[in-house]
Amino acid sequence: MKNILYTAITLSLIVIPASCKDKTETEPKQETKSMMMPAMETVEIKKSNPKVDLTLPGELVPDQETALFAKIQSYVKKINVDIGSYVNAGQILMILEAPEIQSQAANAKAKWQAQEAIYTATKSNYDRTYRANETKGAIAKDALDQITARKLSDEAQLNAARSAYREIQDINQYLVIRAPFSGVITERNVDVGAYVGPMGGAPLMVIQNTSKLRLSLSVPEANVPYLNLGDTISFRINALPEKSFKARISRKSGSLDMKLRSEKIEADFINHSRELKPFMIAESRIPLQNNEATFFIPRSALVESNMGIYIIRKEAGKAQFIPVKKGRILNDTIEVFGDLSEGDQIIKKGNEEILEGSIIK
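Remember, predicted model here, so these are calculated numbers, not experimental data.

Caption draft 1: Seen up close, the environment of N125. Residue position: N125 is located in helix 2 (residues 99–132). Relative accessible area serves as the criterion here: at 33%, N125 is assigned to the partly exposed category. In this structure the C-alpha to C-alpha distance between N125 and R150, which are 25 residues apart in sequence, comes to 10.0 Å.

Caption draft 2: A look at unusual backbone geometry. Within the chain, F279 stands out as a residue other than glycine whose phi angle is a positive 70°. Residue position: F279 is located in the loop between strand 13 (262–270) and strand 14 (281–288). Judged by its relative accessible area of 41%, F279 is partly exposed. Its identity is not glycine, yet A316 carries a phi of approximately 55°, on the positive side. Looking at the secondary structure, you find A316 in the loop between strand 17 (308–315) and strand 18 (318–330).

Caption draft 3: Highlighting the nonpolar core. Counting 30 residues, the largest nonpolar core has L93, M94, L96 and M205 as the members making the most contacts within it. Listed by contribution, the elements that provide at least two residues to this core are strand 4 (74–79), strand 6 (92–97), helix 2, helix 3 (141–173) and strand 10 (205–220). Sorting elements by how many residues they give to this core places helix 2 first, with five residues. Apart from the residues lying within four places of it in its own chain, the contact partners of M94 are V76, K78, I79, L175, V176, I177, V190, L204 and M205. Of all hydrophobic cores here, the second largest spans 25 residues; its members include L54, V224, I265 and I286.

Caption draft 4: Fine view of the sheet that holds strand 9 (residues 195–196). Read across the open sheet, the four strands follow the order 7-6-4-9; overall the sheet is antiparallel. Of all strands in the sheet, those bounded by a partner on one side alone are strand 7 (176–178) and strand 9. Alignment of strand 4 against strand 6, held across four bridges, turns out to be antiparallel. The residue bridging V76 from the neighbouring strand is L96, located in strand 6.

Caption draft 5: Expanded view of the packing of aromatic side chains. This structure, assessed with the given rule, holds six aromatic pairs. By way of ring pairs, the aromatic residues F235, F245 and F269 are connected into one cluster. Sitting above the plane of the Y174 ring, K71 keeps its charged end 5.2 Å from the centroid.

Caption draft 6: Examining the confidence of the model for the chain more closely. Confidence in the prediction for the chain averages 84 pLDDT; 88% of positions are at 70 or higher. For the stretch residues 13–34, pLDDT sits under 50, and the model shows zero contacts to residues farther than four places along the chain or on other chains.

Caption draft 7: Here's a closer look at the side chain of R328. Mapped onto the elements of the fold, R328 is located in strand 18. Residue classification places R328 among the buried positions, given a relative accessible area of 3%. Those residues in contact with R328 that lie beyond four places of it in its chain are N49, P50, V52, N223, Y226, L288, Q289, N290, T294, F296, I334 and E335.

Caption draft 8: Looking closely at the side chain of N290. Here N290 is to be found in the loop between strand 14 and strand 15 (294–298). We classify N290 as buried; its relative accessible area is 19%. Among all residues touching N290, those that are not within four sequence positions of it are N49, Y226, R328 and E335.

Caption draft 9: Representation of helix 2 in the model. With 34 residues, helix 2 should cover 50 Å at 1.5 Å per step; its first-to-last C-alpha distance of 50 Å lies within 8% of that length. Taken residue by residue, helix 2 has I101, A105, A108, W112, Q115, Y119, T122, Y126 and T129 as its buried positions.

Caption draft 10: Quick peek at the packing of helix 2 against helix 3. Relative to each other, helix 2 and helix 3 sit at 160°, their axes nearing to 8 Å. Relative to helix 3, helix 2 is oriented roughly antiparallel. The handedness of the crossing between helix 2 and helix 3 comes out as left-handed. In the contact of helix 2 with helix 3, the residues fall into 16 nonpolar, 10 polar and nine charged.

How each quantity is defined
Residues numbered from 1 in each chain as written. Predicted model: local features only at pLDDT ≥ 70, side-chain atom pairs only at ≥ 80, totals over all residues. Heavy atoms only, no water. Helix = DSSP H or I, 4+ residues; strand = E, 2+ residues; numbered from the N terminus. Buried < 20%, exposed > 50% of the residue type's maximum accessible area, 1.4 Å probe, protein only. Core = buried A, V, L, I, M, F, W, Y, C linked by side-chain atoms within 4.5 Å. Contact = heavy atoms within 4.5 Å. Pairing = 2+ DSSP bridges. Phe/Tyr/Trp six-rings, centres within 6.5 Å; stacked < 30°, edge-to-face > 60°. Lys NZ or Arg CZ within 6 Å of the ring centre and 35° of its normal. pLDDT = per-residue confidence, 0-100. Expected span 1.5 Å × (residues − 1). Axes fitted to C-alpha atoms, helices over the stretch in contact; angles between N-to-C directions. Parallel < 35°, antiparallel > 145°, perpendicular 65-115°, else oblique. Left-handed = near helix turned anticlockwise from the far one by under 90°. Nonpolar A, V, L, I, M, F, W, Y, C, P; charged D, E, K, R; others polar.

Next up, the structure:
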């Protein structure tokens, strides 16, 4: 019995170190296996320069728009146009009446005429005196000086009276409201007999030039470098979905909006048929093309995490993170900029679980 127990204890002591040794030998194998990533599909990248359509909402605004106000306090005497009337530049739209201005003009004219008569008499006296002075000693020098001074004084007063009359005449011209340019009347806020003046509030009328419209767009910062003056923009209007229109970029603001981080551009559209109306909403399509070829990769290859934006390149069989910046989007691909070369192999479906330096099958 003692021999049996001794044999059992000896065997147990031999088995325990052997099992520990086996466990120690298997651990490094499991660790090596954890760094081995499963088989992943890679793609070879090449440069290309496709046209990428950018879709943006826009607004049609009139090429010219002016609100007309009364410069002086007056009454509306006559209105020649109404909402929807097409007018030409210089056409009389409205006539105002200010009786006090007319009486001031008559008073100023009477003063001008009276001063003109005084000056005429003074000048005649001046001319006679100087003719008489041709005979030596006939006229004293003091008398000549006085008549000369009187003539100059009356002439200055005549010029002042004439200027005062013309000033009131100019003010009187403000009673006639004319069209500053050719266009259509879109607002009329007064009727005959209304009292108006330069006190703010609603304008007398609003005129817009609708024969030429401006397509106003806000282009995001990332797409600004691809737009140039003269580029063509296609757009559609919700009210006319079956038709497509084209406009040409004519102006760029040259600065970004601080809130939207976008640049305002305007494209001119000649509205011959007057089919489109100001302030319609337009859905525009702008083709963007770079000056040189760039890399377009599958969108699934781009990884965005708290570590930044990167793609995973296969370098010597291992995963290497390449920081990139995003550009234009074309269908299922996206433009990227970074330390890349043609022929590089990148993982088609990147994710955050892939560790840098891990072995890629």
